[in-house]
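Spelled out from the first residue to the last, the chains are:
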Amino acid sequence: MPKDIEPERGIGASSKRREDVRFLTGTGRYTDDINLRRQTHVFFLRSDVAHGRLTGVDTSAAEDMPGVLKIFTGADFAEIGGMPCGWQITDKHGQPMQEPKHPVLAHEKVRHVGEPIAAVVAETLAQARDAAEAIVVDIDELPAVVNMKDAVKEGAPKVHDDLTSNLCYDWGFVEENKAAVNKAFEEAAHVTTLELVNNRLVANPMEPRVAIGDYNRADGEHTLYTTSQNPHVIRLLMGAFVLGIPEHKLRVVAPDVGGGFGTKIFHYQEEAFCTFAAKAVGRPVKWTSSRSEAFMSDAHGRDHVTKIELALDADNNFTALRTDTYANMGAYLSTFAPSVPTWLHGTLMAGNYKTPLIYVNVKAVFTNTVPVDAYRGAGRPEATYQLERLIDKAAHELKVDPIKLRRQNFVTEFPYATPVAVEYDTGDYNATMDKLEEIADHAGFEARRKESEAKGKLRGFGVNCYIEACGIAPSNLVGQLGARAGLYESATVRVNATGGLVVMTGSHSHGQGHETSFAQVVADMIGIDENMVEIVHGDTSKVPMGMGTYGSRSLAVGGSAMVRATEKVIAKAKKIASHLLEASEGDIELKDGAFSVAGTDKSVAWGDVTLAAYVPHNYPLEEIEPGLEETAFYDPSNFTYPAGAYACEVELDPETGHVSIERFTAADDFGNVVNPMIVTGQVHGGLAQGIGQALLENCAYDEDGQLLSASYMDYAMPRASDLPFYDVDHSCQTPCTHNPLGVKGCGEAGAIGSPPAVVNAVLDAMRSGGKDVGHIDMPVSPARVWEAMNG
Amino acid sequence: MYDFEIERPGSVADAVKALGQEEAQALSGGQTLIPTLKARLAMPSVLVSLAGIDEMKGVEMRDGALWIGGGTTHATVMREAADAYPGLASLAARIGDPAVRNRGTIGGSLANNDPSACYPAAVLASGATVQTDRREIAADDYFDGMFATALEEGEIVTGVRFPIPQAAHYEKFIQPASRFPLVAAFVARFEGGVRVAITGASNDGVFRWSEAEAALNDRFAAGALDGLTLDGGDMISDLHGSGAYRAHLCGVMTRRAVQAIG
C-alpha cells in the first residue's frame, strides 16, 4: 500500500543530511586535502599507444633532473604480485576464464592508452612531470584490437601473448536450458529480434582518484589514504595479493569521497604503487589524478554488443528469451569485471516478467582499451536496456499497447523463482505501473503531442519497467558463482557512558548520506535523538572488517548489520535496566529512550543505563561484563529486488534531430524507506546518469585504440539544462521479506531504469513523424537522430 | 605548465614591445591558452597579459559604428552592447558559461580563430573591421582558415569596429559536450544587403555563405533559402556529426536566424 504520511523523526523522516554542512561549506576532508609531512609527489608516465612491445625505458637523463628522488619502471615490480581479479567465471564448457597478468607498471608490453609505464617520485609534481618528459620510451607498435567481434576472429592480434585468444570466457546461462529455449523459438507464434549496443561510459565522479602512501619505519606500518568505496577490500587485495603486507601492518583510510559510482570499488595500480614507493623512498608519496588521467585510467562502464530475441505465443505471452552478448573487458581484468556481464546481468534477464525459458550467452573479450568494470547498476542496466527495448519493439510489431503487453506478462505471484537462478521475494509490478500512469499523466499525452506538433516538433512517450538484484550478496551463493570474497557487512555500535553512540560501519558513504540515514535507524530503535548517534566509516583501523558500498547494498546489508548490533546493545542494556529497576528482564520495555517495567510507572532513562555500564557501582557484574559495545556481521539470505516503472516524454526537433526531455516520471518500489528525501535524491542522481547515457555520454575509441572522447570537450556529461524536473514516487512499498529493515536499496535504480524509457520515447516520437526505424543506438545524439530520420 | 615569465604592460605600445621578446605569447582572457599551457601543449617563455591595458577596453559608438576594445570581456559586451547592437550582445551572452564570459575577450577569440568560436561569425557577418596595433583589417581579409588569421607575429587586436545592421540574429546549435557551436549562423541585414556567416561547420573555419546572401538580398524570408545546399564534403566530420549533417544544419540555422529577424 502507498505510504503518504511522514513521521517527524526516525525511520521514515526526511531528516536533512548532516554531512552536507561540511560538503556545502568547503570543510569536507577529501584525500587530496591530506598533506603529510615530508610528502613527495608521483607522476605516472602513461602509454600514448594502445598496443606495443616495450623495448626500452631509459630513465637515466630523468634521474638527474631537479627534485627527482626515484624513478620506477615495470622491472621494479617484476617480482611483485600483479593486480588481482576478485571473481572467477567458469565458462560453458566448465573451464575457468582466461586470466592475464596485470602488472602495477607495464612490463614488456603496453596494452591500452593510459597504461602506466614509469613513475617518477619527486619533491614537487612539476618536477616529477618535467622528469617524466625526459624518460625515453621505445615502443614497437603492434596492431590494436578495439572492436570486440574483430578481436575474437581467427588471427586477430592478441592483447595477451600468453593467452590462447582474446576471449576471456564464453558463458552460457543456463546451459542446461539451451535446447528447450531453442525449441520454444521454433514453436513461437512470433519472434522479435533486436541488435543493440550498450555504449561505453566514463564514470566521472566529481572528485578524481587520489592515493597517498605512507610508511613508518619505526613500527613497520603502512598507511594508504585513498578514494575508495571499500577500504577493507583494498587492504585485503593489496596486502595479500600485490605487496605481501599483512593486514595488521596495513591501514587503509578512505575519508570523504566525492562520488564513486562503482569506479572507486576497484583496486588500482596507483594505490599499490604509492604504498610500495613510500617504503622505497622513505617518505610519503602522493598521487592526484588529473581529469585527463581519469579518462584513461578509471575503469570504464558498460560496453556490450547484444543480439536479443523474444519468442511469443499467439496470445502474446512471452515463451522464451535468448541473448547473445559481447562484453568488453578492456585490456586487463579489473577487480570485479568478470562478474558484471554474467551474474549481475544474466540473472536479471527475466526482468519483471514470467518468461519461462531463458538462455543467456556472454562472450567476454579483451581489447586494447581501458579496463571495463562495474558502473552504477553494473550489468543490470545492460539487462534492462535489452529487455525493455525488445518488449517495446515486440509491442509495435504486434500492434499492441506496450504497457498492456508488459502487464500481461508481469510476475504477479511471489516468491517467484526465475529461470535464471534468482528468487524474487516480493513485489507488485502492476502497482508501480498504475502509479506511473497516474503521475506521468499518460492520459493527457495526446493533447501534449498536439501542442508539440503545433510548434513543428514531434513528441514521444516511452515506458519501461526494471528490476534489479541489490543488497549484494549472500556469501555462500556468490562463492558458488565465482566470487573470491564474502559479501556480508559489519557494524560495531559503541555506546558511550553518557548515552551517545558511535556506529562504526563497514559500509562507506561517498555521497549517499549514510551519516544521516544510518543514525535515523539506530536512534529510532532506541528512541533517542538522531544527533546522539555518530556514524564512522572509511578507516580500517576503526571499523571492523567490512565489504563497503556498491550494488545498492549499504542499508540492506550494512544497515542490517547495524540493526543486529543495536539489538545486541539493547538486549544487554535491558539486562542492566532490569538490575537497576529490580525487575525481571522479560518485563523491561524500551520506548522513547527510557526503560520501563511493563505495567508499572517505574522507569530508568537510557543515559542512566549507559552510565551504569561504564560506572558499574550498582551492576550485575556476576552476570554481565561492564561496557556497552556490540559488533554484528550480517550476511543476507537473498538479494533484494527493487523494481519499478519509468516513463519518459520527449520533444524532438525533426530539423536538427535534437531531443529534449520534457517529462520524466519514476515510480519505484524500494520496500521500506528510511529517509524519503535522500531516496528522492538518489533517484534524481541515477536518472541524470541514465539520461546521460541515453542522450549524451559516449566513450569512443578510434580503430587504433586512441581515445576520441578524452576530455569534456568531447565527452558530454549531462547538465542541469539537459534534464527536466523529475516526478519521483516511491510510495508503492512491498517490504523486503528477509532483512530486518524491509529495505531493498535505491542507489542504482535511476541509472538502471531510465535509458530504455528515453530511447523508447525517441522512437515513438520518430514514428509519429512517419519514420519507424526499429532501433537507434545510444547516445541518441542529434546527429544520430537526424541521420536515422533522413536515412 | 612549464615555467614562464609574465608581463603586465599598461599600454598597447608596451605590450607590442614585450611581445617582441623571444617566444613571447599574448594572453587575453586565456580561455584557450591557459588549458593549453596546463596540458603542456605550448611552452612560451613570456606571457604578455593584455588585461591591464585600458585603451583596449570598452564598448562605445564611434563615428556611427560600435567600437569594442580587444580586451573587452564577453560579459561586458553582453551588457554594454545590448542597446546599440542587440544581436551581438546576445551572441556574447551565449558564449560558454559565466566564468568564461567574465574572462574571455573578443580580441582573444578573434586572434585564436577557433573554427567553432562564436565571435568570428559576428565579425564576418557584420563586415566589421579588426583594428590592430599597426593597421586595420577588413573582416573579409582577416580570417584565414582554422586557427589562422591575417595577424602577423606579435600583432595585437586592439579593437573591432562593427557597422550596425538594421537587424541581426545569431542562431547556434551546440555541440553537446563542449557547447561550442556545432554549427551557428549569424545573419545581419544592412540597408545595402544581407551578410551571412557560418561558424563551426567548415574545415576552413568561419565563412560567408554567398548563395544564401544572394537569395536573401533578393527576398529576405526564410523561404528564399529553400533548395540552397552546401557541400558536406568540405565540412568538419567528427564524433558529434558528419559533414552532411553540418551542411544540413547550416541551412536550418540560417533559416531560423532569418525567421528570428522577421
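Residues numbered from 1 in each chain as written. Chains lettered and ligands numbered in written order. Predicted model: local features only at pLDDT ≥ 70, side-chain atom pairs only at ≥ 80, totals over all residues.

### A short note on the domain arrangement of chain A
Interface size is often expressed as the accessible area that is lost when the parts come together. Residue and element names in this part refer to chain A. Split by domain assignment, chain A resolves into domain 1 (20-27 + 488-634), domain 2 (34-86 + 101-143 + 209-288) and domain 3 (304-473 + 638-790). Taking only C-alpha atoms, the centre of domain 2 and the centre of domain 3 are 37 Å apart. If you look at the interface, domain 2 gives 15 residues, while domain 3 gives 20 residues. Here the residues of the side of domain 2 that touches domain 3 sort into six nonpolar, eight polar and one charged. (Domains from an automatic or database assignment. Contact = placed C-beta atoms within 7 Å. Nonpolar A, V, L, I, M, F, W, Y, C, P; charged D, E, K, R; others polar.)

### Considering the UniProt feature "domain: FAD-binding PCMH-type" (unreviewed entry) in chain B
According to UniProt, the "domain: FAD-binding PCMH-type" (unreviewed entry) feature falls on residues 1-167 of chain B. As a span, residues 1-167 of chain B carries 32% helix and 21% strand, and end to end its C-alpha atoms are 44 Å apart. (UniProt positions renumbered as here; feature names shortened; annotations may be inferred. Helix = DSSP H or I, 4+ residues; strand = E, 2+ residues; numbered from the N terminus.)

### Comments concerning the sheet that holds strand E1 (residues 5-7) of chain B
Strand pairing in a sheet relies on backbone hydrogen bonds. The paired strands run either parallel or antiparallel. Residue and element names in this part refer to chain B. Taken together, the three strands give an open sheet; going across it, the order is E1-E3-E2, and neighbouring strands pair in parallel fashion. The strands lining the two open edges of the sheet, one partner per strand, are E1 and strand E2 (24-27). Between one strand and the next, the sheet's axes are offset by a mean angle of 25°, whatever the strand orientation. Two strands pair when backbone bridges link them, and E2 and strand E3 (residues 46-49) are joined in this way by four bridges, in the parallel orientation. Paired with Ala 26 across the strands is Val 48, a residue of E3. Docked against the sheet, helix H1 (residues 12-19) engages E1, E2 and E3, running at close to 170° with respect to E3. (Pairing = 2+ DSSP bridges. Axes fitted to C-alpha atoms, helices over the stretch in contact; angles between N-to-C directions.)

### Quick notes on the interface of chain A and chain B
The interface is formed by 15 residues belonging to chain A together with twelve residues belonging to chain B. With three residues, the single largest contributor to the side of chain A that touches chain B is helix H20 (residues 782-790) of chain A. Considered class by class, the residues forming the side of chain A that touches chain B number nine nonpolar, three polar and three charged.

### As for the packing of helix H9 (residues 380-398) of chain A against helix H10 (residues 402-409) of chain A
All names here are of chain A. At their nearest, the axes of H9 and H10 sit 9 Å apart, and the two run at 115° to each other. Comparing the axis directions of H9 and H10 gives the class roughly perpendicular. Once H9 is placed against H10, the crossing between them reads as right-handed. On H10, the residues that touch Ile 391, Asp 392, Ala 394 and Ala 395 of H9 are Pro 402, Leu 405 and Arg 406. Of the residues assigned to the contact of H9 with H10, the class counts are five nonpolar, no polar and two charged. (Parallel < 35°, antiparallel > 145°, perpendicular 65-115°, else oblique. Left-handed = near helix turned anticlockwise from the far one by under 90°.)

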